[in-house]
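The lines below spell out each chain.
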There are 2 protein chains.
Amino acid sequence: MSLRRPYLMFLGTAPDQLAAKTAQGIVHWRPDWCLGQLRLPGCKADLGIKDMTIAEAEKAGVKTVIVGVANRGGLLDESWIPGLVEALERGMDLASGLHKRLSDVPALKAAADKLGRQLADVRHPTREFSVGNGKKRRGKRLLAVGTDCSIGKMYTTLALEAEMKRRGLKADFRATGQTGIFIAGDGVSIDAVVSDFVSGAVEWLSPENDADHWDLIEGQGSLFHASYAGVSLGLLHGAQPDALVMCHEPTRAHMRGLPHYKLPDLQACIDANIAAARLTNPNVKLVGFSINTSALDAAASERYLKETAVKFALPAVDPLRTGVGPIVDQLLL
Amino acid sequence: MSLRRPYLMFLGTAPDQLAAKTAQGIVHWRPDWCLGQLRLPGCKADLGIKDMTIAEAEKAGVKTVIVGVANRGGLLDESWIPGLVEALERGMDLASGLHKRLSDVPALKAAADKLGRQLADVRHPTREFSVGNGKKRRGKRLLAVGTDCSIGKMYTTLALEAEMKRRGLKADFRATGQTGIFIAGDGVSIDAVVSDFVSGAVEWLSPENDADHWDLIEGQGSLFHASYAGVSLGLLHGAQPDALVMCHEPTRAHMRGLPHYKLPDLQACIDANIAAARLTNPNVKLVGFSINTSALDAAASERYLKETAVKFALPAVDPLRTGVGPIVDQLLL
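Calculation rules
- Residues numbered from 1 in each chain as written.
- Chains lettered and ligands numbered in written order.
- Predicted model: local features only at pLDDT ≥ 70, side-chain atom pairs only at ≥ 80, totals over all residues.
- Heavy atoms only, no water.
- Core = buried A, V, L, I, M, F, W, Y, C linked by side-chain atoms within 4.5 Å.
- Buried < 20%, exposed > 50% of the residue type's maximum accessible area, 1.4 Å probe, protein only.
- Contact = heavy atoms within 4.5 Å.
- Pairing = 2+ DSSP bridges.
- Helix = DSSP H or I, 4+ residues; strand = E, 2+ residues; numbered from the N terminus.
- Axes fitted to C-alpha atoms, helices over the stretch in contact; angles between N-to-C directions.
- Expected span 1.5 Å × (residues − 1).
- Arc of directions from axis to C-beta.
- Parallel < 35°, antiparallel > 145°, perpendicular 65-115°, else oblique.
- Left-handed = near helix turned anticlockwise from the far one by under 90°.
- Nonpolar A, V, L, I, M, F, W, Y, C, P; charged D, E, K, R; others polar.
- Salt bridge = Lys/Arg side-chain N within 4 Å of Asp/Glu carboxyl O.
- Domains from an automatic or database assignment.
- Buried area = accessible area lost by both parts, 1.4 Å probe.
- Polar contact = N/O pair within 3.5 Å; in protein donor to acceptor, adjacent residues only side chain to side chain.
- Least-squares fit on C-alpha atoms with pLDDT ≥ 70 in both.

- Within an unreviewed UniProt entry, the label attached to chain A reads EBNA-1 nuclear protein, and the organism entered is Hypericibacter adhaerens.

**So, the nonpolar core**
And then number 1: Of all hydrophobic cores here, the largest spans 86 residues; its most connected members are I190, L236 and F289 of chain A together with I190, L236 and F289 of chain B.
And then number 2: Apart from the residues within four sequence positions on either side, I190 of chain B is in contact with S195 of chain A together with T176, V198, A201, V202, Q220, V231 and L235 of chain B.

**Quick notes on the sheet that holds strand 1 (residues 7–12) of chain A**
All names here are of chain A.
And then number 1: Spatial strand order, 2-1-3-4-5: five strands in an open sheet with parallel pairing. Of all strands in the sheet, those with a lone pairing partner are strand 2 (34–39) and strand 5 (119–121), marking the two edges. When the angles between neighbouring strand axes are averaged without regard to direction, this sheet yields 20°.

**Some thoughts on the pairing of strand 3 (residues 64–67) of chain A**
Residue and element names in this part refer to chain A.
And then number 1: Taking every second residue as pointing to the same face, both faces of strand 3 are buried, with T64 and I66 on one and V65 and V67 on the other.
And then number 2: Bridging between strand 1 and strand 3 involves four bridges; their strand directions are parallel. Each residue of the ladder has a partner; that of M9, found in strand 3, is I66.
And then number 3: Strand direction decides the pairing type here: strand 3 and strand 4 (residues 93–96), joined by four bridges, are parallel. Within the sheet, the bridge partner assigned to V65 lies in strand 4 and is L94.

**Brief notes about helix 10 (residues 298–312) of chain A**
Residues and elements named next belong to chain A.
And then number 1: For helix 10, spanning 15 residues, the distance from its first C-alpha to its last is 21 Å, which sits close to the expected 21 Å at 1.5 Å a residue.
And then number 2: Buried within helix 10 are the following residues: A300, S301, L305, T308 and F312. Projected down its long axis, helix 10 carries its buried residues within an arc of 130°, all on one side. Pointing more than 90 degrees away from the buried face of helix 10 are the exposed residues A298, E302, R303, K306 and V310.
And then number 3: Lining the buried residues of helix 10 we find helix 9 (266–277), strand 10 (285–291) and strand 11 (316–317).
And then number 4: After helix 10 finishes, the residue A313 shows a positive phi value of roughly 55°.

**Overview of the packing of helix 8 (residues 229–239) of chain B against helix 9 (residues 266–277) of chain B**
Helix packing geometry: the angle between the two helix axes and the distance between the axes.
Residues and elements named next belong to chain B.
And then number 1: Relative orientation of the contacting elements helix 8 and helix 9 amounts to 50°, with a least axis distance of 9 Å. Here helix 8 lies oblique to helix 9, going by the angle between them. Between helix 8 and helix 9 lies a crossing whose hand is right-handed. Contact residues: helix 8 offers L233, L236 and H237, while helix 9 offers N273, A276 and A277.
And then number 2: The class makeup of the residues in the contact of helix 8 with helix 9 is four nonpolar, two polar and no charged.

**Focus on the pattern of salt bridges**
For side chains bearing opposite charge, pairing can occur when the charged atoms are close.
All names here are of chain A.
And then number 1: Counted by the stated rule, this structure contains 36 salt bridges over all chains.
And then number 2: When the shortest N-O distance is used, the salt bridge between D191 and R123 registers 2.7 Å. Separated by 68 residues along the polypeptide, D191 in the loop between helix 6 (178–184) and helix 7 (198–205) and R123 in the loop between strand 5 and strand 6 (140–146) bring together distant segments of the chain.
And then number 3: Residue classification places D191 among the buried residues on the basis of a relative accessible area of 9%.
And then number 4: For D215, the salt bridge goes to R174, with nearest N and O atoms at 2.7 Å. You can see D215 sitting in strand 8 (residues 214–217) and its partner R174 sitting in strand 7 (residues 171–174), a full 41 residues away along the chain. Take D215 and R174: they sit in the same class, and that class is buried.
And then number 5: What emerges from the salt-bridge pattern is a single network uniting E163, R166, R167 and D329.

**What about the domain arrangement of chain A?**
How big an interface is tends to be stated in terms of accessible area lost as the parts join.
Residues and elements named next belong to chain A.
And then number 1: Taken domain by domain, chain A consists of domain 1 (7–121) and domain 2 (140–331).
And then number 2: Spacing between the C-alpha centres of domain 1 and domain 2 amounts to 27 Å.
And then number 3: Together domain 1 and domain 2 conceal approximately 1600 Å² of surface at their shared face, both sides included; 60% is due to carbon and sulfur atoms.
And then number 4: Joining domain 1 to domain 2, the criterion identifies one salt bridge.
And then number 5: Our count for the contact surface shared by domain 1 and domain 2 stands at two residue pairs in polar contact (both at pLDDT 80 or more).
And then number 6: It is helix 1 (residues 21–29) that provides the largest number of residues to the side of domain 1 that touches domain 2, a total of seven residues.
And then number 7: For the side of domain 1 that touches domain 2, the per-class residue count stands at nine nonpolar, seven polar and four charged.

**Description of the relation of the copies chain A and chain B**
And then number 1: Overlaying chain A on chain B yields an RMSD of 0.1 Å, the required transformation being a rotation through 180° with an accompanying axial translation of 0.0 Å. Taken together, these values place the two copies in the relation of a two-fold axis.
And then number 2: Comparing interface residues between copies, 100% of those in chain A also sit at the interface in chain B, which points to an isologous, same-surface contact.

Written out as structure tokens, the structure is:
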């Protein structure tokens with residue numbers, strides 16, 4: 001699957017900023033590819049880039065419209081369809097990370113077929129996977145885990161990849177979600193894999209490699225998320241991580257999408273992840289914390305990171321504020 | 001999906017007796033429906049019922065050939081196809097619990113279409129599910145969990161259903177695997193559900209009910225199985241069990257399909273299941289042990305059950321040898 005660039009980020013009627021996580025991630029890591037955003041009435045998200053109509057996007061040279069909004073369950077809103085059809089009519093392809101396939105929407109399928117445009121559904125695996133075998137593979141693996149969904153696991157692994165490459169180390173980001181796939185150019189959208197094959201898909205995604213090579217595997221969900229914990233556990237077992245980074249957002253009031261569930265205690269979350277990871281890699285270690293402190297001011301952020309680092313005697317960083325250097329240092333100890 | 005009866009159990013080239021778990025379960029719980037078995041050269045399984053050719057099955061009045069062999073990963077062997085085509089030609093339908101769809105095998109699809117026969121793939125969900133919401137539902141739920149796959153979870157829940165109905169209690173078996181679906185007539189093959197929706201599918205399978213009604217939910221896999229633990233965890237969270245029954249086979253040398261993995265310690269397995277189950281039901285309790293002691297003689301079986309019951313101060317039964325009465329007693333305390 002290869003997407004034509006540059007992109008227009010289609011935000012539809014995104015109900016809040018977190019719902020535009022996909023689009024925001026792409027803009028952050030590939031700013032040069034993202035010429036503008038399109039927001040429909042009622043949209044509550046903003047990527048901080050130029051607002052464009054479909055007509056303006058055509059004039060600016062956009063080649064692919066990215067449906068960059070992740071609803072719970074991955075549905076496509078009816079109100080988005082006219083704009084997406086117009087994009088096809090004006091010569092652009094569509095790409096989406098939703099569960100619902102663009103090609104399953106009759107109006108989009110008909111227009112794309114008639115006009116010869118590409119409908120790319122990056123969330124849908126295009127190959128079959130084997131059942132996981134749990135056999136040890138050569139090479140090193142790091143997995144980002146977390147207390148909740150949408151808490152910075154992808155940002156963390158991408159930042160680690162950038163920092164490790166800057167230091168001349170062998171490292172590759174391994175994408176397990178739609179945003180990561182848009183950014184990496186390949187990967188497996190692990191929550192769209194049939195449940196029996198989740199561990200096997202991660203084993204495939206992170207194959208045997210040089211002994212000093214690090215795969216930096218994007219985590220998904222949380223062992224403490226009542227909707228998705230099974231995905232997280234299959235991913236954890238398939239990854240066979242040597243190193244875990246714990247991702248957290250200290251001000252979040254409840255689990256994403258579940259107002260009746262509180263976030264787990266950090267120590268309980270570490271213990272559960274280490275205990276589960278030991279099944280396929282008894283040598284797994286926690287190497288640090290990646291904290292999303294965007295809701296804290298600079299002083300409070302610094303205090304929280306310091307307290308966490310002292311409490312657990314491990315590096316605690318905010319990838320956006322401090323970089324991830326201390327975690328790479330820890331990894332190489 | 002409704003299957004015409006009676007059945008012929010097609011065992012193909014099953015490499016061992018455990019591979020015929022599906023067929024064996026149907027024969028055990030619905031003996032009157034199963035007129036015979038068909039074994040190809042090399043087949044190492046035996047259901048202890050009459051061997052039949054396809055022609056003999058036709059004469060005996062068989063209406064559906066059940067592909068009752070579960071390979072790892074659910075593949076259909078090429079060598080089975082001629083016999084299955086012959087069955088279609090002789091007027092029988094086919095039903096399968098494999099991942100690989102009968103309707104994806106060109107020779108079977110073509111013959112079934114031409115002859116007007118049914119190809120029933122019970123492993124493939126025929127509806128879409130929502131993401132799990134983790135909300136408490138009225139009614140009581142019991143889930144069978146285990147130290148490994150293929151260890152008696154379905155047998156246990158079916159035996160509990162029979163015993164509870166005998167006592168006039170409100171109870172329903174909820175099938176989560178192909179064998180259970182063949183026996184119950186409906187259910188969801190949970191390991192074929194896209195991973196994001198596993199918990200939601202179990203919430204759908206076991207909806208709100210009378211306060212004194214028990215859903216007896218068939219477990220799958222094990223939290224300690226490197227291939228399938230994610231399936232088990234999603235199922236556990238969606239089930240929101242009030243009661244867990246721990247299933248175990250005391251003589252098994254390694255995890256099913258994974259010679260390099262030993263079975264977990266019973267206490268560790270209990271602790272992990274209780275800790276995980278508390279996320280969606282803080283009041284979850286272990287109510288007993290269901291031990292498959294088929295590899296032990298009567299005296300050794302009795303000794304093992306007694307030791308387990310004393311060690312954990314809970315009932316320990318073998319559903320086939322002792323019945324499950326003591327677990328129902330414990331459930332009603």
